[in-house]
There are 2 protein chains.
Amino acid sequence: LLLTVVLASSGAGSVFAQPPDDERAQPDERVSVAILVFDGVQIIDFTAPWEIFGQAHFQIFSVSPGGEAVTTSMGMHLTPDYGFANAPHADVLLVPGGHVHDLQADPEALDWIRRTSEAAEQVLSVCNGAFLLAEAGLLDGGTATTFHGLLDSFEVSFPRVHLVRDQRYTDNGKVLTSAGLSSGIDASLYLVSKLRGMDQARALALHLEYNWDPHTTFARGAMADRHIPNVPIHLPDGAELHEISSLGDKDSWVARWSVEPRLEPRAVVGAFAKALAEIPGWKATGEPGPSGMNWRFSTENDGAWRLALTVTDGEDRQIVSATLERNP
Amino acid sequence: LLLTVVLASSGAGSVFAQPPDDERAQPDERVSVAILVFDGVQIIDFTAPWEIFGQAHFQIFSVSPGGEAVTTSMGMHLTPDYGFANAPHADVLLVPGGHVHDLQADPEALDWIRRTSEAAEQVLSVCNGAFLLAEAGLLDGGTATTFHGLLDSFEVSFPRVHLVRDQRYTDNGKVLTSAGLSSGIDASLYLVSKLRGMDQARALALHLEYNWDPHTTFARGAMADRHIPNVPIHLPDGAELHEISSLGDKDSWVARWSVEPRLEPRAVVGAFAKALAEIPGWKATGEPGPSGMNWRFSTENDGAWRLALTVTDGEDRQIVSATLERNP
């Protein structure tokens, strides 16, 4: 036993690097974790939890519907340990997101998720894996969150689930859901803290060199761009918008596009004005000017927001900027 | 084209969840990325970068030495796209960590890493993957960092490399190294910012719902426990220490163990005192008392630190706590 307990590192003179496995004493009883995988499963959704649960000395196995090899999003080829037919009992079920479309319409898959969840102590979805849990009925009457780009869709699809937009994960006691992609890291650390205590979860995060804030208020779904309506913009004369950036936080958002080919600035602003005029709750103030205009609109729950639009003619390209801010 | 540009989400009425792929316009020229995989490769070291580079629309393929299937740390079974013999050109080479032992002693592997790096624009190691780059000579005269538990070992093994302990990643222009495990997330986002600009990298982090701080000063290797000497503690009468927690930050560290079976508190403190007495630079002050003692020691670069040791007899177990703090 060494006083340096976080890692029993190799002797200082060794030329070989030992792997960064965590060598702390493991509990007598290992938690078993089933990870559902399928074609198009999102890589980080299940691999980050795999790493975290593995470092916590949980015993992990993967399950694809028929036990067949799968290819993840972005082309990683994975051979699972089991299929639905022969997967053993799991204390924890992890349901990642990605191309969940087929499974969501597959009664056998939903049945396996239901049965495995019933026998498990904890169930965690990551990203749009929440759609699978919801479709299986496991979130009825509970709270859930999901990938920020699918919050609206989830809310419409599953009216019996209370959707949360401003949390990185939700916990209904047995069934947990996390927001999109990297949110699974925080949700997995939280799950370790539930099963092994906060000290172990904190030590694990440090071992992973992850700057974990268990009390984070970071929630992608609560950022200001949720107030930007999902409306097509039709520019005249075959011109197109090409995104340059789309950045912000809870209180403001700035999106910028190039306009190709260039248009009269008034024509660009006019196209946005026309599209936005069709959205209830939006009220345009001011006329489209030579290089921009302002709109005001209000939302029911979050007070008033203002959208300002500016067209800039640079040397090499024309740029339109949309700035969304809380109305002062 | 939609005003909401971060994600072209599915229609609000759809019951099917669309996957969280990033649908922003992709550049004409795709960056190709080769990811080295091998038996015991650390999962998060290569899968988190895979997700990030994939979301950046880089074209990713994986390479194992002979093109054979590999099993990662914690048992994920992966079939790579290529072997060393037939891997195509890569603009970016990613060298993850894990059980790098065999490859580090394999001239063919080191040769492939050298040749692939030579042809690449950027090379990034994650965790103890830095040992492979260093062994291949790619870090000679440059800076590097690695998994926090292997910093000392790396420094001794590769005296021609300037080791950095207080950064999440290093950049030598072409060859980058990141610290342990989750550090690869930040290093990959940084690499995207180099190749695609900061706006795209920031948008990508938001898309991934990752609370990215490009200017983070979080560095596991710079935390206070680096001053805790790596020394075995021999308790009398066959008693053993079992770690309860080991937590801290840059300025302090607290480690706690249970002592099983119980000993006289004086015997516990004495065992620590005996072990620490053999470490140069440590100076014990005060005698081992009934429930604790203090040591003072100083280090050359970081000023003086104090270690206080306390033994507490609880109802169900005996606990020894070591608290390391900067000397006021």
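These remarks concern the structure in this document. (Residues numbered from 1 in each chain as written. Chains lettered and ligands numbered in written order. Predicted model: local features only at pLDDT ≥ 70, side-chain atom pairs only at ≥ 80, totals over all residues. Heavy atoms only, no water.)

Here's the deal with the overall build of chain A
Of regular secondary structure, chain A possesses eight helices and 17 strands. Taking all 328 residues of chain A together, 56% fall into the buried category. Considering only contacts within chain A whose residues lie at least 6 apart along the sequence, 59% involve residues at least 24 apart. Within the structure as shown, chain A displays about 12,900 Å² of accessible surface, and the carbon and sulfur contribution to it stands at 47%. (Helix = DSSP H or I, 4+ residues; strand = E, 2+ residues; numbered from the N terminus. Buried < 20%, exposed > 50% of the residue type's maximum accessible area, 1.4 Å probe, protein only. Contact = heavy atoms within 4.5 Å. Areas by Shrake-Rupley, 256 points an atom, 1.4 Å probe, with all protein chains shown as cover.)

Considering the packing of aromatic side chains
With the rule as written, the count across this model stands at 18 aromatic pairs over all chains. With 6.4 Å between their ring centres and 55° between their planes, F46 of chain A and W50 of chain A make a pair best called tilted. On the criterion of helical spacing, the pair formed by F46 of chain A and W50 of chain A is a turn pair, its members being four residues apart in helix α1 (residues 43–55). Classification of W50 of chain A by relative accessible area gives buried; the value is 0%. Considering the side-chain rings of F154 of chain B and F158 of chain B, the 4.9 Å spacing of their centres and the 50° angle between planes classify their relative orientation as tilted. Joined through ring pairs, the aromatic side chains of F131, F154 and F158 of chain A make up one cluster. (Phe/Tyr/Trp six-rings, centres within 6.5 Å; stacked < 30°, edge-to-face > 60°.)

Describing helix α6 (residues 183–196) of chain A
All names here are of chain A. The terminal C-alpha atoms of α6, which comprises 14 residues, lie 20 Å apart, in line with the 20 Å expected from a rise of 1.5 Å per residue. Among the 14 residues in α6, 10 count as buried, and that is most of the element. Among all positions in α6, only S183, G184, I185, D186, A187, S188, L189, L191, V192 and S193 are buried. Looking one or two places after α6, you find G197, whose phi comes out positive at around 95°. (Expected span 1.5 Å × (residues − 1).)

Quick notes on unusual backbone geometry
Both trends apply: most residues other than glycine have a negative phi, and most peptide bonds are in trans. Residues and elements named next belong to chain A. Here the residue pair E260 and P261 is connected by a cis peptide bond, since its omega of -10° sits within 30 degrees of zero. The backbone phi angle of C127 is positive, close to 60°, even though this residue is not glycine. For C127, the location among the structural elements is in the loop between β7 (122–125) and α4 (130–135). In this structure C127 comes out as buried when scored by relative accessible area, which is 0%. Located in the positive-phi region is E209, a residue other than glycine, with phi close to 55°. You can see E209 is positioned in the loop between α7 (198–207) and β12 (240–248). Under the relative-accessibility criterion, E209 is labelled buried at 1%.

Considerations on the sheet that holds strand β11 (residues 175–178) of chain B
Residue and element names in this part refer to chain B. Reading across from one edge, β5-β2-β1-β6-β7-β11-β10 is the order of the seven strands in this open sheet, with mixed pairing throughout. Since the sheet does not close on itself, it has two edges, and those belong to β5 (82–83) and β10 (169–171), each with one partner. Where β10 and β11 come together, three bridges link them in antiparallel fashion. Bridging from a neighbouring strand, T170 pairs with T177 of β11. Sitting on the sheet, helix α3 (residues 107–119) is in contact with β1 (32–36), β2 (59–64), β6 (92–95) and β7 (122–125), with an inclination near 150° to β6. (Pairing = 2+ DSSP bridges. Axes fitted to C-alpha atoms, helices over the stretch in contact; angles between N-to-C directions.)

Thoughts on the pattern of salt bridges
On inspection of all chains with the given rule, the structure shows 22 salt bridges over all chains. One salt bridge connects R256 of chain B with D199 of chain A, and the closest N-O pair in it is separated by 3.3 Å. Remark: D199 of chain A occurs in helix α7 and R256 of chain B occurs in strand β13 (residues 252–260); the pair is interchain, linking two chains. Ionic pairing is found between R326 of chain B and D251 of chain B, a salt bridge with its closest N-O pair at 2.9 Å. Here R326 of chain B, found in strand β17 (residues 318–326), pairs with D251 of chain B, found in the loop between β12 (240–248) and β13; they are 75 residues apart in sequence, far enough to count as distant. On the accessibility criterion, D251 of chain B (43% relative accessible area) is partly exposed. (Salt bridge = Lys/Arg side-chain N within 4 Å of Asp/Glu carboxyl O.)

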